[in-house]
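Overview (structure and organization)
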Amino acid sequence: MPELHTIEDRSSAKLRGRERRSLNLSTKLTAIEAQAVEEAASRAGKTPSEWARDVLLRPEALGKGTEMEVHLFTELIGIEMLMMKTLEPILRGEKLEQDQVAVLFRQVQSTKAAKAQELLAKRGHKQEK
């Protein structure tokens, strides 16, 4: 007589170190939308459920930036800060000495991450409203 396994036994063997999925999220699709999902999942070599889960849990779908995106944003803020601090005196006709530029570089390096986080936090508050 074959050995019987309960659903719990079989599914826990497949978990491979991840938390058991026990909640469902459903939606209704048109036939065209369903076909598009099926095709995208097939191209990715996944089932439609696996594909949809991956898409829904992407950081950008959840309103979170990846580590690289946050790093790039921080560097862009640094460039903006440096340009604003150097262009203003230049546009007034002043000359920046080498030591002044070095001070500006240090200031930007030490404050750009905080400024980037501040801007991201403000953006998050605006999206919540």
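Fair warning: this is a prediction, and the values are worked out from it, not measured in the lab.

What follows covers the overall build of the protein chain. Along the backbone of the protein chain there are 5 helices and 0 strands. Ordered by position from the N terminus, the helices and strands of the protein chain form the series α-α-α-α-α. When the 129 residues of the protein chain are sorted by exposure, 10% land in the buried category. Summing over all exposed atoms, the protein chain offers an accessible surface of approximately 11300 Å²; the carbon and sulfur share of this is 58%.

The topology assignment puts T74 in helix α4 (residues 67–91). A residue is classified by how much of its surface remains accessible, and T74, at 11% relative accessible area, is buried. Polar contacts involving the side chain of T74 include one to the main-chain carbonyl oxygen of V70, which spans 2.9 Å. Those residues within four positions of T74 in sequence are excluded, and the remaining contacts are K112, A113 and A116.

Turning next to the side chain of T86. With respect to the helices and strands, the residue T86 is situated in helix α4. Judged by relative accessible area, T86 falls into the buried class, the value being 15%. Excluding anything up to four places from it in sequence, T86 contacts L96 and L104.

Taking 1.5 Å of rise per residue, 25 residues should cover 36 Å, and α4 covers 36 Å from first to last C-alpha, within 8% of that figure. G93 lies just past α4 and shows a positive phi near 90 degrees.

Looking now at the environment of A41. Along the chain, A41 falls in helix α2 (residues 31–43). Once residues lying within four places of it in the same chain are set aside, the contact partners of A41 are K46, T47, P48 and W51.

On to the confidence of the model for the protein chain. Across the protein chain, pLDDT averages 83, with 78% of residues at or above 70. Across the protein chain, the secondary-structure element scoring lowest on mean pLDDT is helix α1 (residues 7–13), at 53, and the one scoring highest is α2, at 94.

Looking now at a nonpolar patch on the surface. On the surface, a nonpolar cluster with roughly 620 Å² of combined accessible area is contributed by L76, I79, M83, L87, I90 and L91. Relative to the elements of secondary structure, L91 occurs in helix α4.

All right, on to the pattern of salt bridges then. Using the criterion set out here, one finds 6 salt bridges in the structure. The closest approach of N and O atoms between R92 and E94, which form a salt bridge, is 3.0 Å. On the accessibility criterion, R92 (49% relative accessible area) is partly exposed. E118 is the partner of K122 in a salt bridge, and the nearest nitrogen-oxygen pair spans 3.5 Å. In this pair, K122 and E118 are both assigned in helix α5 (residues 98–128), 4 residues apart and thus about one turn of the helix distant. Each of E88, R92 and E94 takes part in one network of salt bridges that share partners.

What counts as what
- Residues numbered from 1 in each chain as written.
- Predicted model: local features only at pLDDT ≥ 70, side-chain atom pairs only at ≥ 80, totals over all residues.
- Heavy atoms only, no water.
- Helix = DSSP H or I, 4+ residues; strand = E, 2+ residues; numbered from the N terminus.
- Buried < 20%, exposed > 50% of the residue type's maximum accessible area, 1.4 Å probe, protein only.
- Areas by Shrake-Rupley, 256 points an atom, 1.4 Å probe, with all protein chains shown as cover.
- Polar contact = N/O pair within 3.5 Å; in protein donor to acceptor, adjacent residues only side chain to side chain.
- Contact = heavy atoms within 4.5 Å.
- Expected span 1.5 Å × (residues − 1).
- pLDDT = per-residue confidence, 0-100.
- Patch = residues over 30% accessible without salt bridge, like charges linked within 9 Å, V, L, I, M, F, W, Y side chains within 5 Å.
- Salt bridge = Lys/Arg side-chain N within 4 Å of Asp/Glu carboxyl O.

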